[in-house]
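# Examining the three-dimensional arrangement
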Amino acid sequence: MKLYVGNLPFGIDDEKLREIFSSYGEVEEATVIKDKYSGRSKGFGFVTLKDSKDAEKAIAEMDGKSVEGREIKVNEAKPMDPDRPRKPFNRDNNRDSRRRY
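Residues numbered from 1 in each chain as written. Predicted model: local features only at pLDDT ≥ 70, side-chain atom pairs only at ≥ 80, totals over all residues. Heavy atoms only, no water.

Glancing now at the packing of aromatic side chains. Aromatic rings considered in pairs are described by the distance between their centres and by the relative angle of their planes. A complete count under the given rule lists four aromatic pairs for this structure. Ring geometry for Tyr4 against Phe46: centres 6.0 Å apart, planes inclined by 65°, an arrangement best described as edge-to-face. Linking Tyr4 in strand E1 (residues 2-6) with Phe46 in strand E3 (residues 41-49), this pair joins segments that are 42 residues apart in sequence. With a relative accessible area of 26%, Tyr4 lands in the partly exposed category. Note on Phe46: relative accessible area 24%, which makes it partly exposed. Where Phe44 meets Phe46, the ring centres are 6.1 Å apart and the plane angle is 85°; that geometry is what we call edge-to-face. Above the ring of Phe46, the side-chain terminus of Lys2 is found at 5.3 Å from the ring centroid. Arg40 extends its terminal NZ or CZ atom over the ring of Phe10, reaching a point 4.3 Å from the ring centre. (Phe/Tyr/Trp six-rings, centres within 6.5 Å; stacked < 30°, edge-to-face > 60°. Helix = DSSP H or I, 4+ residues; strand = E, 2+ residues; numbered from the N terminus. Buried < 20%, exposed > 50% of the residue type's maximum accessible area, 1.4 Å probe, protein only. Lys NZ or Arg CZ within 6 Å of the ring centre and 35° of its normal.)

In this section: the environment of Phe44. Topologically, Phe44 is positioned in strand E3. Relative accessible area serves as the criterion here: at 24%, Phe44 is assigned to the partly exposed category. Expressed as a C-alpha distance, the spacing of Phe44 and Pro9, which sit 35 residues apart in the sequence, is 8.5 Å. Aside from chain neighbours lying at most four places away, what touches Phe44 is Tyr4, Val5, Gly6, Leu8, Val32 and Ile33. (Contact = heavy atoms within 4.5 Å.)

Now for helix H1 (residues 14-21). All of the buried residues in H1 are Leu17, Ile20 and Phe21. The arc enclosing the buried residues of H1, seen along the axis, measures out at 85°, which places them on a common side. Pointing more than 90 degrees away from the buried face of H1 are the exposed residues Glu15 and Glu19. Among the structural elements, E1, strand E2 (27-34), E3, helix H2 (52-62), strand E4 (66-67) and strand E6 (73-76) are those in contact with the buried residues of H1. (Arc of directions from axis to C-beta.)

Attention now moves to the pairing of E3. Across five bridges, the pairing between E1 and E3 is antiparallel. From the neighbouring strand, Val5 faces E3, where its bridge partner is Gly45. The pairing of E2 with E3 spans six bridges and is classified as antiparallel. Bridge pairing in E3 links Lys34 to Ser41. The turn joining E2 and E3, which pair antiparallel and follow one another in sequence, is formed by six residues; a positive phi near 80° is taken by Gly39. (Pairing = 2+ DSSP bridges.)

Here Ser41 lies in strand E3. Under the relative-accessibility criterion, Ser41 is labelled buried at 10%. Among the polar contacts made by the side chain of Ser41, one reaches the main-chain amide nitrogen of Gly43 at a distance of 2.9 Å. Not counting chain neighbours up to four residues away, the residues in contact with Ser41 comprise Phe10, Val32, Ile33 and Lys34. (Polar contact = N/O pair within 3.5 Å; in protein donor to acceptor, adjacent residues only side chain to side chain.)

None of this, on its own, says anything about what the molecule does.
Below, the structure written as structure tokens:
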């Protein structure tokens, strides 16, 4: 079962995420999502546990738990909704739209 782990401290990497969840069972994969330009953590990731019972126990015990001072959110990962509108990527989105060049 694949779990979504949100509100992660920015210092957590893949290996530390795996270590945090390994006490609940065999971790098949642990990935912290990073910004593709800066390489910095986006503050969330995914953990795949081999056994769904282990995953359910991890959700029950880890959701709301403090990790390095941040209360993490843990729940079952859901596939992205293809109908959900995505934010367009615009590098100039922080500039004043009235400015003329």
